[in-house]
Amino acid sequence: MTYLMSAVLGFVQGVAEFLPISSSGHLTLLQHFFGMAEPDNLFNVLLHFATLLAVCVYYFQDVLEMVEEFFRMLVDMFSRRPAKGRPPEARRLVLLLIVGTLPLFLVVLIKDKVEALGGSPAFVSCALLVTGCILFLSDRMGGGRKNARSATLQDVLLVGVAQGFATIPGLSRSGCTISAGMALGFERHFAVRYSFLLSLPAVLGATLLEVKDVVEMEGGFPLELLPRYLLGMVIAGVVGYFSIRLVNLLADRGKFGAFAFYCWGAGVLSLILVLMKVTFLPAAPTV
């Protein structure tokens, strides 16, 4: 793996993980059309961890309050005198995230089959077109008033189902979850906030699964690649942070659906090139 490849993959991860354009879909198409070598599993794990840190930094106050309330909730559960009254917003947000994450446990059962879909550039191109349609409709669903206090468990469970479907390569996780939230009446800012906070347990769980696979299949840590890994992580984290800011800005202004035109353009162009069997560079071996 070269430094250039590490930087490119870090940039793509940082942009596409949060912008509603599908990081998995873009990586598949880059590998297919430009002969880019598939990154090793350890590098994938580190890039996802870097984007997880970007969410934690951007929503630092939310994350800190939720961690505190999670442990307070555990104390109250085993206390003889549990706290009375309305729970703090951060505690309710913890519950909403737990419920929203539940559908992903079903996806784990078919993880290999879902990942196999990423081997078809034509399928990924079509999935990008579907993502575009979802995003186009999202702006027309805005205007709701639900927030962390008023969103129901059924609401967040449905957002979690949308996140489960978004594990399909080419479908955007942020696009599906934010659009689902808006369709269910979430206030725009809360739809974005909940979507990115919901990514924390999802990305952390996926990272732990990948770490387990890396330890079992690849053995020791390749110290000679450490500088390149760190370069990719730093770029993914920094670019990811500003991507989160951009999504919040566009959603607040009702311009979230603008990404639909990009997804349609990328999907149509890549599908045409796939059908014409066009590639720009010969395929490279796996790193």
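Here the structure is a predicted model, which means the values were calculated and not measured.

Visitor: With reference to specific residues and values, describe unusual backbone geometry.
Guide: Positioned with a positive phi, Ser-22 is a non-glycine residue whose angle comes to about 70°. Topologically, Ser-22 is positioned in the loop between helix 1 (3-16) and helix 2 (23-34). Ser-22 gets classed as buried once you look at its relative accessible area, which sits at 2%. Of note, the phi angle at Lys-277 is positive, near 60°, even though the residue is not glycine. Counting through the fold element by element, Lys-277 comes out in the segment after helix 13 (259-275).

Visitor: Can you tell me about the environment of Val-238, naming the residues and giving the values?
Guide: With respect to the helices and strands, Val-238 occurs in helix 12 (residues 226-252). Val-238 sits in the partly exposed class, given a relative accessible area of 44%. Through-space distance from the C-alpha of Val-238 to that of Phe-11 is 8.9 Å; in sequence the pair is 227 residues apart.

Visitor: A description of the packing of aromatic side chains should follow, citing residues and the corresponding values.
Guide: Under the counting rule described, the total for this entry stands at 13 aromatic pairs. Aromatic pair Tyr-58 and Tyr-59: ring centres 4.9 Å apart, planes at 65°, arrangement edge-to-face. Judged by relative accessible area, which is 6%, Tyr-59 ranks as buried. With centroids separated by 6.3 Å and ring planes inclined at 70°, the aromatic side chains of Phe-256 and Phe-259 adopt a geometry described as edge-to-face. Pair check on accessibility: Phe-256 and Phe-259 agree, each one buried. In this structure an aromatic cluster arises from ring pairing among Tyr-58, Tyr-59, Tyr-241 and Phe-242. The ring centre of Tyr-3 lies 5.1 Å from the NZ or CZ of Arg-228, which sits over that ring.

Procedures and definitions
Residues numbered from 1 in each chain as written. Predicted model: local features only at pLDDT ≥ 70, side-chain atom pairs only at ≥ 80, totals over all residues. Heavy atoms only, no water. Helix = DSSP H or I, 4+ residues; strand = E, 2+ residues; numbered from the N terminus. Buried < 20%, exposed > 50% of the residue type's maximum accessible area, 1.4 Å probe, protein only. Phe/Tyr/Trp six-rings, centres within 6.5 Å; stacked < 30°, edge-to-face > 60°. Lys NZ or Arg CZ within 6 Å of the ring centre and 35° of its normal.

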